[in-house]
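# Examination of the molecular architecture
The lines below spell out each chain.
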Amino acid sequence: NETTIDELEQQIVSIWQDILQIDQVSIDDNFFELGGNSLSATRVNSRLKEALSIELPLKSIFENPTVLAIAIKISLLNTIAKNQNIDFQDNSNNESKRVEFEI
């Protein structure tokens, strides 16, 4: 059940259209040039988390302000998470460890 880059792009476009209340968004449009701001970026981030079950740092939207760039970042993060063979347990006290990746 892997999401393709095209499906990611479609979901992101739909979220942007809804939050920015515009009809046309291309994968190369800049979020902030379309009228986005820090508040709407926070809303986009929340909707991405809801729709894709992935938590991106808010700065990701500022650093990757196009649909294509965000879709690529999400795809890479999903691939890394899927392919990592990291032991997330510290055997000494059985506490889970949170691992974050910067791309």
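For the structure, check the block above.
What counts, and where the lines are drawn
Residues numbered from 1 in each chain as written. Predicted model: local features only at pLDDT ≥ 70, side-chain atom pairs only at ≥ 80, totals over all residues. Heavy atoms only, no water. Axes fitted to C-alpha atoms, helices over the stretch in contact; angles between N-to-C directions. Helix = DSSP H or I, 4+ residues; strand = E, 2+ residues; numbered from the N terminus. Parallel < 35°, antiparallel > 145°, perpendicular 65-115°, else oblique. Left-handed = near helix turned anticlockwise from the far one by under 90°. Contact = heavy atoms within 4.5 Å. Nonpolar A, V, L, I, M, F, W, Y, C, P; charged D, E, K, R; others polar. Expected span 1.5 Å × (residues − 1). Buried < 20%, exposed > 50% of the residue type's maximum accessible area, 1.4 Å probe, protein only. Arc of directions from axis to C-beta. Core = buried A, V, L, I, M, F, W, Y, C linked by side-chain atoms within 4.5 Å. Salt bridge = Lys/Arg side-chain N within 4 Å of Asp/Glu carboxyl O. Phe/Tyr/Trp six-rings, centres within 6.5 Å; stacked < 30°, edge-to-face > 60°.

## Describing the packing of helix 1 (residues 5–20) against helix 2 (residues 38–52)
Closest axis-to-axis distance for the helix 1/helix 2 pair is 10 Å, and the angle between their directions is 140 degrees. Comparing their axes, helix 2 and helix 1 come out oblique. Handedness of the crossing formed by helix 1 with helix 2: right-handed. Touching Leu8, Gln11, Ile12, Ile15, Trp16, Asp18, Ile19 and Leu20 of helix 1 are Ser40, Arg43, Val44, Arg47, Leu48, Ala51 and Leu52, all from helix 2. Looking at the contact of helix 1 with helix 2 residue by residue, the classes come out as 10 nonpolar, two polar and three charged.

## Considerations on helix 4 (residues 67–83)
Spanning 17 residues, helix 4 covers 24 Å between terminal C-alpha atoms, matching the ideal 24 Å at 1.5 Å per step. Residues of helix 4 that are buried include every one of Val67, Ile70, Ala71, Lys73, Ile74 and Leu77, and no others. When helix 4 is viewed along its axis, its buried side chains cluster within an angular range of 160 degrees and face the same direction.

## A few points about the nonpolar core
By size, the foremost hydrophobic cluster in this structure holds 21 residues, and its most contacted members are Ile12, Trp16, Phe31, Val44, Leu48, Ile70 and Ile74. Those elements that place two or more of their residues in this core are helix 1, helix 2 and helix 4. Ranked by residues supplied to this core, first place goes to helix 1 with seven residues. Excluding residues that lie within four positions of it along the chain, Val44 makes contacts with Ile15, Trp16, Ile19, Phe31 and Ile61.

## Thoughts on the pattern of salt bridges
What the rule picks out here adds up to two salt bridges. Put simply, Arg47 and Asp18 hold a salt bridge, and the shortest N to O gap is 2.6 Å. A residue pair is termed long-range when its members are at least 10 positions apart, and Arg47 in helix 2 and Asp18 in helix 1 qualify at 29 residues. A salt bridge links Lys49 to Glu55; the nearest nitrogen and oxygen atoms lie 3.6 Å apart. In this structure Lys49 comes out as partly exposed when scored by relative accessible area, which is 44%.

## Structural notes on the packing of aromatic side chains
Enumeration according to the criterion identifies three aromatic pairs in this entry. Judged by centre distance (4.9 Å) and plane angle (25 degrees), the rings of Phe32 and Phe62 are stacked. In this pair, Phe32 is assigned in the loop between helix 1 and helix 2 and Phe62 in helix 3 (residues 59–63), connecting sequence segments 30 residues apart. Residue class for Phe32 comes out partly exposed when judged on its relative accessible area of 27%. Linked through ring pairs, Trp16, Phe31, Phe32 and Phe62 together constitute an aromatic cluster.

## Describing the environment of Pro65
Relative to the assigned elements, Pro65 resides in the loop between helix 3 and helix 4. Residues Pro65 and Asn30, 35 residues apart in the sequence, show an inter-C-alpha distance of 5.2 Å. Contacts of Pro65, omitting those with residues within four sequence positions, involve Trp16, Asp29, Asn30, Phe31 and Phe32.

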